[in-house]
Amino acid sequence: MVNRTELENKVIPYKILLETLQNTYDLVDSILLDNTIPSLKIGLKYLIQNIEANIEKAGDGLPVVGHHFAFQSEYLDCFDVVPICIEGTSYILSALLPDGVEKYYDLMRNWGHPFHTCSSQKGVMGMTLDDLFRFDAIICPTAPCDNTMASYPYFKYQADVPMVLPDMPFIHKEKSFKYYAKQIKKGLEDLGKIIGQKPDWDELKKHLEIDNKSINTQLEIFELKKAIPCPVENFYNAMSAAVTIFMAGKEEKVKYYDEMLESAKNNYRKKKHHGGEEKIRCIFPYMLIFFDLGLCEWLDRELGMSILFDIFNYNFTKPIRTTDSLDTMFYDMARKGMEFPMMKQSTDFYYNFIDDCVNMAKEFKSDCFIFTMHIGCKQFGSVVQVLREALRDETGIPVLMLDLDVGDKRMTSMKVLRDKISLFAQTLL
Ligand code: SF4
């Protein structure tokens with residue numbers, strides 16, 4: 001008979017993650033004064049609950065299902081499973097472990113996977129090669145990039161994990177949403193056959209409704225960021241990305257945003273900036289730098305630079321309609337999936353991205369953009385120059401481009417990145 005520890009050992013990186021989160025929380029709780037970095041303390045509290053619950057479920061013997069970050073975990077709530085976000089897990093561990101997850105990138109490189117592929121997937125791929133994750137199935141849409149499509153077959157062909165691939169078109173039109181809606185439903189039915197469970201659409205509906213509850217709160221926080229100074233600390237962006245990925249469809253996500261809204265309103269009333277004085281307002285139109293999230297605090301406190309938002313914090317979709325027909329519900333799920341951060345930008349032509357950036361620069365009175373040109377994202381390599389020209393012509397503000405791997409400090413070190421940002425900041429003051 002399989003014992004509980006053996007079952008929990010199907011998700012060893014989650015056990016490591018839980019320990020790291022608890023240690024970080026204890027440190028934050030004992031060292032930092034109250035309300036010093038509210039997003040960190042509030043987010044850690046709910047993340048710990050979420051990871052604990054998932055380890056518990058693994059111990060109960062529920063199937064471990066890996067999913068791409070853009071196949072939102074609340075869609076898997078129609079099953080009793082342990083959802084593991086491949087990209088989210090790689091990057092949260094790269095942020096929290098002292099040496100990141102570089103050991104696992106190297107394992108994959110030695111195995112033969114190219115060095116320039118996306119570290120968001122390579123981390124968990126290496127952990128699977130090292131037998132730390134044992135997936136029962138994986139579900140991944142055919143998007144947003146060549147990396148995804150070139151990396152996921154590893155799980156099927158090397159790790160022998162059954163895989164479901166809902167097909168996602170790259171044109172964002174009504175007919176595509178209808179097509180992808182059918183693909184999501186079929187994908188969940190196929191996944192059910194693999195893990196021996198029938199999808200429960202009522203349970204799915206319940207979790208979609210929970211997720212709907214946080215949309216207006218997120219929008220209210222987004223609106224508050226138009227204020228000068230920005231009433232939300234930079235770290236909020238990093239924590240919100242984790243909350244969006246790990247707690248979709250969960251009450252903890254709703255509570256996190258409710259508590260953060262209170263904190264933002266409080267700062268707004270007092271015109272309080274997290275770093276003391278806001279000198280520069282900046283937009284990261286793409287990703288933050290996950291291997292060292294300390295950058296968020298450094299920018300706030302040392303340079304007085306607010307990160308108004310990053311890619312995970314300016315994409316919002318309408319709530320999913322759950323009370324009409326199942327077809328309407330899946331249509332909205334498809335729309336949400338295709339407009340998810342990074343899917344929206346990387347699976348379509350870039351005109352909308354450029355328009356959004358120009359409009360946000362004006363509306364939020366941004367002084368500059370910092371574009372993290374991640375080595376994995378080949379599809380976005382040409383966009384930076386077009387964005388630079390559009391922002392210069394339409395708003396007169398500059399763009400700093402950082403060449404890096406957002407999950408691996410060995411490509412561009414944090415010292416080099418901080419030096420570049422410091423020099424750039426001097427040109428703005
Ligand atoms: S779009 Fe870029 S960051 Fe996102 S999964 Fe693909 S390569 Fe990685």
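Predicted model only: the values in this text are computed from it and were never measured.

This paragraph deals with helix 10 (residues 201–213). Here helix 10 is 13 residues long and its end C-alpha atoms lie 19 Å apart, about the 18 Å a rise of 1.5 Å per residue gives. Within helix 10, the full set of buried residues consists of Trp-201, Leu-204, His-207, Leu-208, Ile-210, Asp-211 and Asn-212. Check the buried side of helix 10 and you find it contacts helix 9 (174–195), helix 11 (215–224), helix 13 (251–270) and helix 15 (326–338). With a side-chain oxygen lying 3.0 Å from the backbone nitrogen of Asp-202, the N-terminal cap of helix 10 falls on Asp-200.

Here the structure, examined in full by the defined rule, presents 27 aromatic pairs. Ring centres of Tyr-236 and Tyr-256 lie 6.3 Å apart, and the angle between their planes is 5°; on these two criteria the pair is classed as stacked. Of this pair, Tyr-236 sits in helix 12 (residues 235–246) while Tyr-256 sits in helix 13, placing them 20 residues apart in sequence. You can call Tyr-256 buried: its relative accessible area is 0%. Geometrically, the ring pair formed by Phe-353 and Phe-380 is edge-to-face, given 5.1 Å between the ring centres and 75° between the ring planes. Linking Phe-353 in helix 17 (residues 351–363) with Phe-380 in the loop between strand 7 (368–374) and helix 18 (383–394), this pair joins segments that are 27 residues apart in sequence. In this pair, the class of Phe-353 matches that of Phe-380, namely buried. Taking the ring centre of Phe-364 as reference, the NZ or CZ of Lys-226 above it sits at 5.4 Å.

Bringing the nonpolar core into the picture now. Formed by 149 residues in total, the largest nonpolar core has its most connected members in Phe-135 and Phe-155. Excluding residues that lie within four positions of it along the chain, Phe-155 makes contacts with Ile-86, Val-124, Met-125, Thr-128, Phe-135, Ile-138, Asp-160, Val-161 and Met-163.

Read across the sheet, 4 strands follow the order 2-1-3-4 without closing on themselves; strand pairing throughout is parallel. Since the sheet does not close on itself, it has two edges, and those belong to strand 2 (82–85) and strand 4 (163–164), each with one partner. Summarising the sheet, strand 1 (residues 64–67) and strand 2 pair through 4 bridges and their orientation is parallel. Counted as the bridge partner of Gly-66 is Ile-84 from strand 2. Against the sheet, helix 9 contacts strand 1, strand 3 (137–139) and strand 4, and its axis sits at roughly 175° relative to strand 3.

This part covers the environment of Lys-175. Its location among the elements puts Lys-175 in helix 9. Judged by relative accessible area, which is 66%, Lys-175 ranks as exposed. Sequence separation between Lys-175 and Leu-402 is 227 residues; the distance between their C-alpha atoms is 37 Å.

Here we come to the pattern of salt bridges. What the rule picks out here adds up to 35 salt bridges. For the salt bridge of Asp-29 with Lys-41, the shortest nitrogen-to-oxygen distance reads 3.0 Å. With a gap of 12 residues between them, Asp-29 in helix 2 (residues 12–31) and Lys-41 in helix 3 (residues 38–59) connect regions that are remote in the sequence. Put simply, Asp-211 and Lys-336 hold a salt bridge, and the shortest N to O gap is 2.7 Å. Placement of the pair is Asp-211 in helix 10 and Lys-336 in helix 15, with a sequence separation of 125 residues. By relative accessible area, which is 3% here, Asp-211 ends up buried. Among the residues examined, Lys-336 registers a relative accessible area of 9% and is labelled buried. Beyond isolated ion pairs, a larger network of salt bridges with shared partners links Asp-99, Glu-102, Asp-106, Asp-408, Lys-409 and Arg-410.

Rules and cut-offs
Residues numbered from 1 in each chain as written. Predicted model: local features only at pLDDT ≥ 70, side-chain atom pairs only at ≥ 80, totals over all residues. Heavy atoms only, no water. Helix = DSSP H or I, 4+ residues; strand = E, 2+ residues; numbered from the N terminus. Expected span 1.5 Å × (residues − 1). Buried < 20%, exposed > 50% of the residue type's maximum accessible area, 1.4 Å probe, protein only. Contact = heavy atoms within 4.5 Å. Polar contact = N/O pair within 3.5 Å; in protein donor to acceptor, adjacent residues only side chain to side chain. Phe/Tyr/Trp six-rings, centres within 6.5 Å; stacked < 30°, edge-to-face > 60°. Lys NZ or Arg CZ within 6 Å of the ring centre and 35° of its normal. Core = buried A, V, L, I, M, F, W, Y, C linked by side-chain atoms within 4.5 Å. Pairing = 2+ DSSP bridges. Axes fitted to C-alpha atoms, helices over the stretch in contact; angles between N-to-C directions. Salt bridge = Lys/Arg side-chain N within 4 Å of Asp/Glu carboxyl O.

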